[in-house]
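# An overview of the molecular structure
Each chain is listed here by its residues.
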Amino acid sequence: MNENSLEVVAALQAITIASALCEKIRKDLAGRESFLKSDRSPVTIADYGSQAIICKLIKEKFPHDIIVAEEDSAELKKPSRSRILDQVTHYVNGFVQGASSKEVCSWMDFSSHFIADRFWALDPIDGTKGFLRGDQYAIALALIEKGVLTLGFMACPNLYVDKDQPNGKKGCLFLAIRGRGSFQMDIDGGDRRALSVSTVENPSEASFTESVESDHTDHLLHQHLAQKLNITRPSLRMDSQAKYGIVARGEATFYLRVPSSSEPDYRENIWDHAAGSIIAEEAGGRITDTFGQPLDFTSGIKMKKNHGVVVTNGILHDIVLEALKM
Ligand code: AMP
Ligand code: MG
């Protein structure tokens, strides 16, 4: 595939529109409202709206493709949630005119919970907690064919464009095409540049990124690992798969995700890592779990065979894995 492939054009268009929808909701402060799903994780009208739009646009172009996405409309269809559904429909209509609530739900429910030979993995808002805090979040979409990630797309509407200017212009689009590299663009698609990971070889000069949420990762263990490697720079805590983009563009040398001690047996969801990992990989990075195993996108929604995630510039990968054996 190349940048003119129908898949690339359709996916970029879909995540760009979803990103505009999420930012509109966030700026209207409607994004402050969230409720808990049955697994106690938060969801907002933006998660639902983003999924509806992306599923609609992908299915329109690829009616036979499977989309494995995080949300579905079951909760929204409850009478107690009718006001939320009205809001989702209202915002989706700002981008796809004339959509009824029924249609919006049906688009969301294009999502399947079964993977196939060729399927898309979608997280309509990765880092919902970051979205609610006004921090980082990502709209993440990837194409997986015969177990291999072939395309990755990520919109990070609130991420600074220039790694040297964290207070500068915001809004990044990331794109990776298997065998053709990783790219960052402005959120409007302009200023495309190829990405490459950091060239740091000496662990003491490295910097790393990790989750903000202590429920999602073991900050203390990460801190011990940093001490062991003589890393003195403070970690960059960030929500969502934006962390993969941060490694891809050489801003952090590695991204560490050791499961939190409160949930040591947690298994990662494919949509939380698919887009990010090809973006880091095509920029020259290496990705495994904490035991050095490749991430497996073939065993269902959960990455059952993997434990945590380690993303590095490649050069430091074995050193980080070795240090994790402490
Ligand atoms: P992050 O923003 O990198 O901390 O990751 C956000 C993602 O963490 C969400 O999309 C959740 O699917 C996922 N998540 C939820 N609970 C856990 C957990 N106990 N350990 C690791 N990840 C989790
Ligand atoms: Mg997520």
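Attention here is on the structure that accompanies the text.

The rules behind each value
- Residues numbered from 1 in each chain as written.
- Chains lettered and ligands numbered in written order.
- Predicted model: local features only at pLDDT ≥ 70, side-chain atom pairs only at ≥ 80, totals over all residues.
- Heavy atoms only, no water.
- Near = heavy atom within 4 Å.
- Polar contact = N/O pair within 3.5 Å; in protein donor to acceptor, adjacent residues only side chain to side chain.
- 1 Å grid on protein atoms, 1.4 Å probe; cavity = no way out; pocket = protein on both sides within 12 Å on 5 of 7 lines; lining within 4 Å.
- Sits in = over half its atoms within 2 Å of the grid points.
- Nonpolar A, V, L, I, M, F, W, Y, C, P; charged D, E, K, R; others polar.
- Donors = N, O, S within 2.8 Å, 3.2 Å for Na, K, Ca; no water.
- Helix = DSSP H or I, 4+ residues; strand = E, 2+ residues; numbered from the N terminus.
- Buried < 20%, exposed > 50% of the residue type's maximum accessible area, 1.4 Å probe, protein only.
- Pairing = 2+ DSSP bridges.
- Phe/Tyr/Trp six-rings, centres within 6.5 Å; stacked < 30°, edge-to-face > 60°.
- Lys NZ or Arg CZ within 6 Å of the ring centre and 35° of its normal.
- Salt bridge = Lys/Arg side-chain N within 4 Å of Asp/Glu carboxyl O.

### Examining the site of ligand 1
Taken together, 14 residues lie around ligand 1, and S211, H216, S240, K243 and D272 are the ones closest in. S211 places a polar side-chain atom, nitrogen or oxygen, 2.7 Å from an oxygen atom of ligand 1. In this structure, an oxygen atom belonging to ligand 1 sits 2.5 Å away from a side-chain N or O atom of K243. Cavity membership is defined here by more than half of the atoms lying within 2 Å of grid points; on that basis ligand 1 lies in the largest pocket. Its residues placed into classes, the shell around ligand 1 shows one nonpolar, four polar and nine charged.

### Quick look at the coordination of the magnesium ion (ligand 2)
Within the protein, D123 (OD), D126 (OD) and D272 (OD) serve as the donor atoms for the magnesium ion (ligand 2), at 2.0 to 2.3 Å. Read N to C, the donor residues that coordinate the magnesium ion (ligand 2) are spaced as D-x2-D-x145-D. Taken together, the residues span a long stretch of sequence, with D123 in strand β4 (residues 118-126) and D272 in the loop between β12 (254-257) and α8 (274-282) at a distance of 149 residues. Take D272: its relative accessible area is 12%, and that puts it in the buried class.

### A closer look at the pairing of strand β5 (residues 138-145)
For β5, a buried count of seven out of eight residues is recorded, marking the element as mostly surrounded by other parts of the structure. Bridge count for β4 against β5 is seven bridges, and the pairing is antiparallel. Bridge pairing links D123 to A140 in β5. Bridge count for β5 against strand β6 (residues 148-160) is seven bridges, and the pairing is antiparallel.

### Focus on the packing of aromatic side chains
Within the structure shown, the criterion is met by four aromatic pairs. Taken together, a centroid distance of 5.4 Å and an interplanar angle of 10° make the contact between F208 and F254 stacked. Of the two residues, F208 sits in strand β10 (residues 208-210) while F254 sits in strand β12, which places them 46 residues apart along the sequence. On the accessibility criterion, F208 (4% relative accessible area) is buried. Note on F254: relative accessible area 0%, which makes it buried. When the ring centre of W107 is taken as reference, the NZ or CZ atom of K56 above it lies at 5.2 Å. The residue whose ring lies beneath R118 is F62, and the NZ or CZ to ring-centre distance is 5.4 Å.

### Some remarks on the sheet that holds strand β14 (residues 309-312)
Strand order in the open sheet made by the five strands is β11-β10-β12-β14-β13, with mixed pairing throughout. The strands lining the two open edges of the sheet, one partner per strand, are β11 (236-237) and β13 (286-288). Sheet topology note: the β10/β12 ladder contains two bridges and is parallel. Its bridge partner lying in β12, T209 is registered against Y255.

### Notes on the pattern of salt bridges
Evaluated as defined, the whole model comprises 25 salt bridges. Close ionic contact of E213 with R133 constitutes a salt bridge, the shortest N to O distance being 2.6 Å. One end of the pair, E213, is in the loop between β10 and α6 (219-228); the other, R133, is in helix α5 (residues 128-133), with 80 residues separating them in the sequence. Residue E281 is joined to R178 by a salt bridge in which the shortest nitrogen-to-oxygen separation is 3.3 Å. With E281 in helix α8 and R178 in the loop between β7 (170-177) and β8 (181-186), this residue pair connects regions lying 103 residues apart in the sequence. A relative accessible area of 32% places R178 in the partly exposed class. One salt-bridge network, in which partners are shared between bridges, spans E7, D65, R118 and E145.

### Points about unusual backbone geometry
You will see that K146, though not glycine, has its phi angle at about 50°, which is positive. Secondary-structure assignment places K146 in the loop between β5 and β6. Relative accessible area serves as the criterion here: at 67%, K146 is assigned to the exposed category. Even without being glycine, D191 reaches a positive phi, approximately 55°. Tracing the sequence through the fold places D191 in the loop between β8 and β9 (193-194).

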